[in-house]
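Results of the structural survey
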Amino acid sequence: MRGVGKLYEDGTYIIQSEDGKSNLSIDNLNGGLDTFLMSSVYKEDGKQIDDATLNSMIKTVKFDGNMIVDKLDIAVGVYHQKIKNLDLTGVTLSDKVIESPLLALNSTSLERLTLDPKLSLSKTKNASRGIIDGAPNLKLTNEQVSQLLKDTSFESASNIFNNVGVERLDLSSFDNSKLKESNHLFVNLLGLKEVVFGDKFDFNKYERTNSNKSFFDTNLSTVERVTFEGNKENNSKFIKDWLLDVKKHNVANAEALYHDGKYVGTVDEIINSDKATYEDGIYTLGVNKPNKPEDKTDTEIIEPEVEYVADNTRNFGTPNERVEGEKGTKTTVTTYEWDEASKSYKEKQLEPVIKKPTKTIIKVGTKSKVEEKEIPFEVEYKEDKTISSIDLDTM
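No experiment lies behind these values; they were computed from the predicted model shown. (Residues numbered from 1 in each chain as written. Predicted model: local features only at pLDDT ≥ 70, side-chain atom pairs only at ≥ 80, totals over all residues. Heavy atoms only, no water.)

1. Re the sheet that holds strand 26 (residues 306-315)
Across the sheet, three strands lie side by side as 26-31-27; this open sheet has mixed pairing. Taken across any chain shown, the strands that pair with only one partner, and hence form the sheet edges, are strand 26 and strand 27 (321-323). Each neighbouring strand pair of the sheet contributes to a mean axis angle of 30°, computed without reference to strand direction. Bridging between strand 26 and strand 31 (residues 360-367) involves seven bridges; their strand directions are parallel. Residue pairing across strands places V309 opposite K363, the latter belonging to strand 31. (Pairing = 2+ DSSP bridges. Helix = DSSP H or I, 4+ residues; strand = E, 2+ residues; numbered from the N terminus. Axes fitted to C-alpha atoms, helices over the stretch in contact; angles between N-to-C directions.)

Dropping the structure here:
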């Protein structure tokens, strides 16, 4: 069903369905049937508005209520260069849609795009005419980029995003394995800083930069962060395309590649490397610095103190009983931090960790000991003159 619309004095053009029931089919490229912006528009007094006047009047395009569309080639810019705002609130695609929506084509005026949260391109098969093919004054939000590319698996594609602001290119669920016909997919992305590859991306089908069908035809030197997920082989193709642009444009403080913050190698080393696959994780650029030195650990032994204690269960004078204590330690770790001023690592001593020793106890017997000893009698003879001597022989 064709769309009809109402144009308001503030420049807002609201599209409606002719019967209010059927799905819409909007094909603004053919210049005739289903071309809502080239249809006849009349004022309230019944007079027709000529195309030149209409072109200067429309500033915003909206849809009236919730609408399901079978085709959504709005192509802002193809005929009207004054449209600044495209609001797709309430617009979703029917199951019949094969070609992805063409939202803008060579538009120098479009500045704002609003998507309905339920709008999904996951069931479309082709993006041969692109999605936004020329809108240099429009900057897509990160959420919009993710929404438009989420779970897409095109069989043919070209200029998916071309000459439009894209800061974070989210390919985390983008499946390129079914591509049979393609040209440059992402062209002249303005302000690109981050690219995310997911486990559905096939780097064996990735066409390198400077080829006729290169995946990217954009300056990658502005990219600051690249994420790989899914352990996909041959992802070095993109790494080298990225770093070749970095080297070509002599990007400041981008002398080396880092993986999850750890030094990988210089830009030249990576470009000339035979390595085909890089591990999953986050890759960034930085100054060329060596690997951080290993932390140093110094451990000092703390000898136990000796304490003598009385033991009244053991006799005094018996050998002392010694119970050894456990030695303590004082552990000091020296780590290294990068100092930008000197372009070198500086030592940093961390707070010592102390494990206290336990005392060595020496038990001394203090119990009294009682001994009994027999003392023999001494015999002393004394003369007693009162007693007469006895002659034992006469007895």
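Picking up after the structure, the text goes on.
2. A closer look at the sheet that holds strand 16 (residues 168-171)
Strand order in this open sheet of six strands is 16-19-21-24-22-23, and the pairing throughout is mixed. Two strands in the sheet have a free side with no partner beyond their single neighbour: strand 16 and strand 23 (262-266). Pairwise comparison of adjacent strand axes, ignoring direction, gives a mean angle of 20° for this sheet. Note that strand 19 (residues 194-197) and strand 21 (residues 225-228) share four bridges and pair parallel. Counted as the bridge partner of E194 is R225 from strand 21. Each of strand 19, strand 21, strand 22 (256-259) and strand 24 (281-286) is contacted by helix 3 (residues 236-248), which is oriented at about 15° to strand 24, the strand it contacts most. (Contact = heavy atoms within 4.5 Å.)

3. Some points on the environment of Y13
Within the secondary structure, Y13 is located in strand 2 (residues 12-17). Considering only alpha carbons, one finds Y13 and K59, 46 residues apart in sequence, at a separation of 7.7 Å.

4. Observations concerning the nonpolar core
If you look at the biggest cluster of nonpolar residues, it comprises 73 residues, and the most contacted ones within it are F161, L169 and W242. With near-sequence residues (within four places) excluded, L169 lies in contact with V145, L149, F161, F186, L189, L192, E194, V195, V196 and F216. (Core = buried A, V, L, I, M, F, W, Y, C linked by side-chain atoms within 4.5 Å. Buried < 20%, exposed > 50% of the residue type's maximum accessible area, 1.4 Å probe, protein only.)

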